[in-house]
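# Report on the structure
Residue strings, one per chain:
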Amino acid sequence: MAIDELQAIIQRCQILEEADFRGEDFNLFQVAGQKCLEDGYAAQLLEVVQNEKNKVVIKNMGWNLICPLVRCILVYKQEDDKREHCLKILDQLVQLCNAKELFLGLLEQIEQTSGEQVCQTVMLLLQPLQTVLFKLQNKKAYSVGLSLAMIMNQLTPLPVPYTKQQMQEDKLGLCQCCNAVVDFAKPFVNEVVKSMEKSSECNDMELKEELLKFCMKSLKYPLLTAQLEQLESIEDHPFRRFATEIIGILWDMREFIPLVFLHHKGRSPFWENEEFEDIERKNSADSLACLAYLMFVHYFGIDCFPMVFSPSYLLQRNMTHIEVLLKRTEESVLSKGLDLFESSLLRMEDNSLLHHYLEFSDFITVPQNLVKVMTLCPIEHLRKKSLNILQLFINKFDAEGKYTLFRCLLKTSNHAGVEGYIIQNIKDQIHLSLTKVCDNSWFTGHHLISLLDLVLLLPEGAETDLLQNSDRIMASLNLLRYLLIKDSEYDNQTGVWTMLAKIEQNFLKPLHVGLNMSKAHYEAEIKNKKENRREAHNSNTVCSVTVNGEKMPAMTTEMQLQVLHSALFTFDLIESVLARVEELIEVKIKAV
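What you see is a predicted model, and the numbers here were worked out from it, not measured in a lab. Every chain is numbered on its own, with residues counted from 1 as its sequence reads. Thresholds applied to this predicted model are a pLDDT of at least 70 for local features of residues and 80 or more for the giving and counting of side-chain atom pairs; totals over whole chains, interfaces and linings are not thresholded and use all residues. In computing side-chain properties, one takes all heavy atoms of the structure into account and sets aside hydrogens as well as water.

This part takes up unusual backbone geometry. What you tend to see is this: most non-glycine residues have negative phi, and most peptide bonds are trans. Each neighbour pair has its own omega, and for Tyr-221 with Pro-222 the value is 10°, a cis peptide bond. Mapped onto the elements, Pro-222 comes out in helix α12 (residues 205-223). In the Ramachandran plot, Asn-414 falls in the positive-phi region, its phi being about 55° despite a non-glycine side chain. Tracing the sequence through the fold places Asn-414 in the loop between α20 (399-412) and α21 (416-434). A simple rule labels every residue: compare its accessible area, found with a 1.4 Å probe on the protein chains alone, to the largest value its type can have, and call it buried under 20%, exposed over 50%, or partly exposed in between. Residue classification places Asn-414 among the exposed residues on the basis of a relative accessible area of 68%. The helix count covers DSSP runs of H or I at least four residues long, the strand count covers runs of E at least two residues long, and both are numbered beginning at the N terminus.

Quick look at the confidence of the model for the protein now. As a per-residue measure, pLDDT reflects the predictor's confidence and takes values from 0 up to 100. For the protein, mean pLDDT is 86; residues scoring 70 or higher make up 86% of the total. Here residues 265-271 scores under 50 on pLDDT; set against residues more than four positions off or in separate chains, the count is 12 contacts. Note on contacts: a residue pair qualifies if any of its non-hydrogen atoms lie within 4.5 Å across the two residues.

Axis separation between helix α16 (residues 311-326) and helix α18 (residues 362-376) bottoms out at 9 Å; the angle between their running directions is 35°. As for how α16 packs across α18, the hand of that crossing is left-handed. Residues Leu-315, Gln-316, Met-319, Thr-320, Ile-322, Glu-323 and Leu-326 of α16 lie in contact with α18, whose contacting residues are Asp-362, Phe-363, Thr-365, Val-366, Asn-369, Leu-370 and Val-373. Its residues placed into classes, the contact of α16 with α18 shows eight nonpolar, four polar and two charged. What counts as an axis is a line fitted to C-alpha atoms, over the stretch in contact for a helix, and the angles between N-to-C directions run from 0 to 180 degrees. Two helices crossing with the near one rotated counterclockwise from the far one by less than a right angle form a left-handed crossing, whereas a clockwise rotation gives a right-handed crossing. Residue type decides the class: Asp, Glu, Lys and Arg count as charged, Ala, Val, Leu, Ile, Met, Phe, Trp, Tyr, Cys and Pro as nonpolar, and the leftover types, Gly among them, as polar.

Take the packing of aromatic side chains next. The pairing test for Phe, Tyr and Trp rings, Trp by its six-membered ring, is centres within 6.5 Å, and the orientation test on the planes gives stacked under 30 degrees, edge-to-face over 60, and tilted for anything in between. The final tally for this structure, using the stated rule, is 18 aromatic pairs. With a centroid separation of 5.5 Å and an interplanar angle of 25°, the aromatic rings of Phe-309 and Tyr-313 are classed as stacked. Among the residues examined, Phe-309 registers a relative accessible area of 31% and is labelled partly exposed. A relative accessible area of 28% means that Tyr-313 is categorised as partly exposed. On the basis of an interplanar angle of 75° and a centroid distance of 6.0 Å, the ring pair of Tyr-403 and Phe-443 is categorised as edge-to-face. On the criterion of sequence distance, the pair formed by Tyr-403 in helix α20 and Phe-443 in the loop between α21 and α22 (445-455) is long-range, its members being 40 residues apart.

The topology assignment puts Gln-429 in helix α21. Not counting the four nearest positions on each side in its chain, Gln-429 is found in contact with Lys-402, Phe-406, Asn-440 and Phe-443.

Its location among the elements puts Met-499 in the loop between α23 (470-486) and α24 (500-531). Looking at Met-499, the relative accessible area reads 7%, which means it is buried. Separated by 50 residues in the primary sequence, Met-499 and Ile-449 place their C-alpha atoms 7.7 Å from one another. The residues contacting Met-499, other than those within four sequence positions of it, are Ile-449, Leu-452 and Asp-453.

Next up, the structure:
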């Protein structure tokens with residue numbers, strides 16, 4: 001019987017000195033103890049562990065039972081007596097065993113767990129691990145840091161519940177586990193706080209650093225990807241509670257405000273390996289961006305924040321974090337970047353942001369990243385939101401800022417739809433100038449002429465793909481038509497009449513040629529399709545289209561014809577506006 005074998009091993013070891021215990025004794029003890037647990041003799045094993053005569057043996061060898069104990073506890077059901085016996089054995093081992101060996105044994109169990117058992121194992125061992133850490137005399141700060149790092153490394157691969165239903169179900173137990181880990185860390189935080197209260201400088205600096213690393217990791221996971229909006233029917237939102245606790249720890253350790261104002265590019269530990277340094281910098285950037293989001297979107301810790309900073313200064317500080325978030329592709333992270341950008345802009349009045357801010361690189365790269373979201377993001381509501389935020393961003397600048405931003409986006413967006421949108425904005429600013437709503441020299445005279453040089457031209461001349469660039473071309477023609485109608489040739493406030501010859505040479509004539517070529521090409525294609533329609537129908541021929549390496553649904557001849565006719569309609573629309581523009585020019589010139 002397994003329990004008899006264990007008793008025999010213990011009795012043989014009782015007569016030995018601790019120093020005389022051999023490796024073979026440890027192995028025999030572990031095998032016998034494991035067999036007891038597997039055969040269901042947990043109650044008898046508990047009696048052995050509790051026996052005062054066995055105290056020395058259990059102190060030295062008991063930690064070897066951690067692995068089989070954890071395995072059995074996870075297998076037994078909650079109400080099973082054997083599970084209760086196993087828990088009592090674990091508690092007894094924590095009280096009796098060598099703290100260092102037990103610490104390594106507990107960490108080993110956390111490291112070896114995987115999949116659905118990660119959160120169960122972590123929550124089971126948090127209390128024993130905390131007790132053991134308090135018993136450690138040497139390297140306590142290092143051991144606390146190692147424990148928290150190991151736990152977070154095991155949790156990180158788990159998917160973060162995002163919807164209300166997922167949070168309520170909490171299938172893997174992550175919501176519960178994250179908050180349990182915070183409770184595990186609190187006593188060590190209290191040690192740091194007490195040390196700081198006694199002295200202006202923290203005596204437990206190493207422990208404080210380890211706790212700070214834990215908070216930074218927690219900001220990156222799970223908070224960066226978690227859904228933090230207040231949800232109906234969830235009174236105690238698990239991740240909002242977790243965020244509150246992390247912010248509370250940072251505040252208690254006097255690190256909250258310094259971190260809010262920390263520029264991620266300026267804080268990075270020295271690594272000899274550049275790859276490690278890049279990883280550390282990126283992790284730090286993600287964590288600080290999440291902290292800014294919590295602070296300025298959901299107002300976590302806002303009561304502690306000094307209300308003395310201007311909205312433009314806060315926008316400048318947040319632009320670094322916004323850039324980090326907008327470069328990500330995950331919906332949960334990308335949406336946080338948009339929310340932080342929007343929240344920062346809504347604090348400001350229109351036309352209040354000075355053009356000097358465009359000298360900061362972030363003020364150029366962020367709208368460029370926003371354009372990428374508008375044009376490349378597969379999620380419709382994020383594309384729409386990014387467009388609204390771009391307009392909000394434009395509205396906040398003074399006239400020179402708007403002018404500079406328009407020039408930049410026209411040169412860098414590489415997207416006809418975005419360029420068309422910017423040209424429409426230019427038209428709106430010109431209208432405000434001409435109607436004297438605001439005194440604006442940047443959208444009249446020589447400044448405007450320089451801007452119109454970018455607008456009133458075809459990128460590839462007559463060979464420009466008119467269909468691909470139709471949004472830009474229509475916006476340019478509408479702007480030109482507006483200028484010809486609103487700005488008389490006698491006033492010429494915009495300078496359009498001065499540069500008429502240039503416009504005709506660079507824009508109108510090439511557009512005429514391009515339209516004729518494009519229409520002829522598409523009409524010939526339609527003719528060919530119609531002639532081959534019968535053959536295509538008889539042979540069931542279809543057209544295969546590939547977009548971004550993905551094969552799209554096959555197109556029938558009828559669908560192809562529909563696309564070709566749609567293109568011709570676009571050309572007709574461009575041609576009608578072009579004709580109106582040329583008519584206006586002719587009438588004005590004749591009048592002069």
